[in-house]
Amino acid sequence: MYEKETFEIVKMNSKLKQVFTIIPLFGILIFVLLYIVATLYYPGGSQTDMHSIDFNWINNYWCNLLSENSMNGQPNPALPIAVTATIVLCLSLAIFWYNFPKRVGFEKFARLAIQFSVAISMLLGILVFTGLQDSLITAAILIGTIPLMGTFIALFKLKWRGLFWFGIFNIVLIVVNNILYFGLDIKFYLPIVQKITFLLFLLWISLIDISLNKWELKRQAVEACSKSE
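Predicted model, so just to flag it, every value in this text is computed and none were measured.

Observations regarding the overall build of the chain
Scanning the chain for helices and strands turns up 6 helices and 0 strands. Mapped in sequence order, the helices and strands of the chain form the string α-α-α-α-α-α. Here the chain holds 229 residues, and 39% of them are scored as buried. Carbon and sulfur atoms provide 72% of the accessible area of the chain, an area that totals close to 13800 Å².

Shown next as structure tokens:
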């Protein structure tokens, strides 16, 4: 009787763990949906036309949705939706990188370094709507290099070459974003490149999470077969 209850508890904990590991996927999906909804409420105004109407996917930035007033001067009803989306995304990424170092077997010091840096980085990311967005985003990116480096190390050790090089491509896109940001003559292209970079980065994280779940299930199946022999 005791062994049966213990088995049920272990089974329940395993299911809860599996649910917890897919939360980032649902969080990213919710963020994308809220992003789209927020654009529908944005009054208008962009970098090319301050008096335009509605959100322009080519000329508007994500941060435009996080402003109290839109660029055409009207109050921005998209703000609370965009803030909610940002919080959901930051929490989802925090959960992903909280689990990641444990799932891939990092030692305690590396695991804590990644988890602590992610907590700080995501907190700064949540505060981007406070009016200090440039400074906060820069600080978040700098601190976020720690979990990114850990992710690349893990992908290399796991020999997941496709995801490794996809991540490198994302880094290249981030560099391109910075080049466009500081190049006044070519900054016109930044909003669309920014959206593509953001989408591909979230896709990268989602694919890593899915691959980790498959890898863990396969490992558990192998362990179960070994114990039964």
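Text resumes after the structure shown.
Concerning the packing of aromatic side chains
In the structure shown here, the tally under the stated rule is 16 aromatic pairs. Considering the side-chain rings of Phe152 and Phe164, the 5.5 Å spacing of their centres and the 80 degrees angle between planes classify their relative orientation as edge-to-face. Linking Phe152 in helix α4 (residues 133–157) with Phe164 in helix α5 (residues 161–182), this pair joins segments that are 12 residues apart in sequence. For Phe152, a relative accessible area of 13% translates into the label buried.

Digging into unusual backbone geometry
A positive phi angle is found at Asp54, which is not glycine, with a value near 75 degrees. By the secondary structure assignment, Asp54 is in the loop between α1 (2–41) and α2 (79–103). On the accessibility criterion, Asp54 (44% relative accessible area) is partly exposed. For Lys159, which is not glycine, the phi dihedral falls at a positive 60 degrees. Checked against the element boundaries, Lys159 lands in the loop between α4 and α5.

Details of α5
Given a rise of 1.5 Å per residue, 22 residues ought to cover 32 Å, and the 32 Å separating the end C-alpha atoms of α5 matches this to within 8%. Three or more residues of α5 are buried, namely Leu163, Phe164, Phe166, Gly167, Asn170, Leu173, Asn177 and Leu180.

A look at the pattern of salt bridges
A full pass over the atoms with the stated rule returns 1 salt bridge. When the shortest N-O distance is used, the salt bridge between Arg103 and Asp209 registers 2.9 Å. Taken as a pair, Arg103 in helix α2 and Asp209 in helix α6 (residues 190–228) lie far apart in primary sequence, 106 residues in all. The exposure class of Arg103 is buried, given its relative accessible area of 7%.

Conventions used here
- Just so you know, the residues in each chain are numbered from 1, in the order the chain's sequence is written.
- A pLDDT threshold of at least 70 governs which residues receive local features in this predicted model, and a stricter bar of 80 or more applies before side-chain atom pairs are shown or counted, although totals over entire chains, interfaces and linings include all residues.
- Excluding hydrogens and water, the side-chain values take into account all heavy atoms of the structure.
- Helix numbers and strand numbers start at the N terminus; a helix is a DSSP run of H or I with at least 4 residues, a strand a run of E with at least 2.
- Residue exposure (1.4 Å probe, protein chains only): buried if accessible area is under 20% of the type maximum, exposed if over 50%, otherwise partly exposed.
- The accessible surface values rely on the Shrake-Rupley method and a 1.4 Å probe; as for residues, cover is taken only from the protein chains in view.
- By convention, a stacked pair of Phe, Tyr or Trp rings (six-membered ring in the case of Trp) has centres within 6.5 Å and planes under 30 degrees apart, an edge-to-face pair has planes over 60 apart, and any other such pair is tilted.
- In a helix, the anticipated span is given by 1.5 Å times the number of residues less one.
- Whenever a carboxyl oxygen of Asp or Glu lies within 4 Å of a side-chain nitrogen of Lys or Arg, that contact is scored as a salt bridge.

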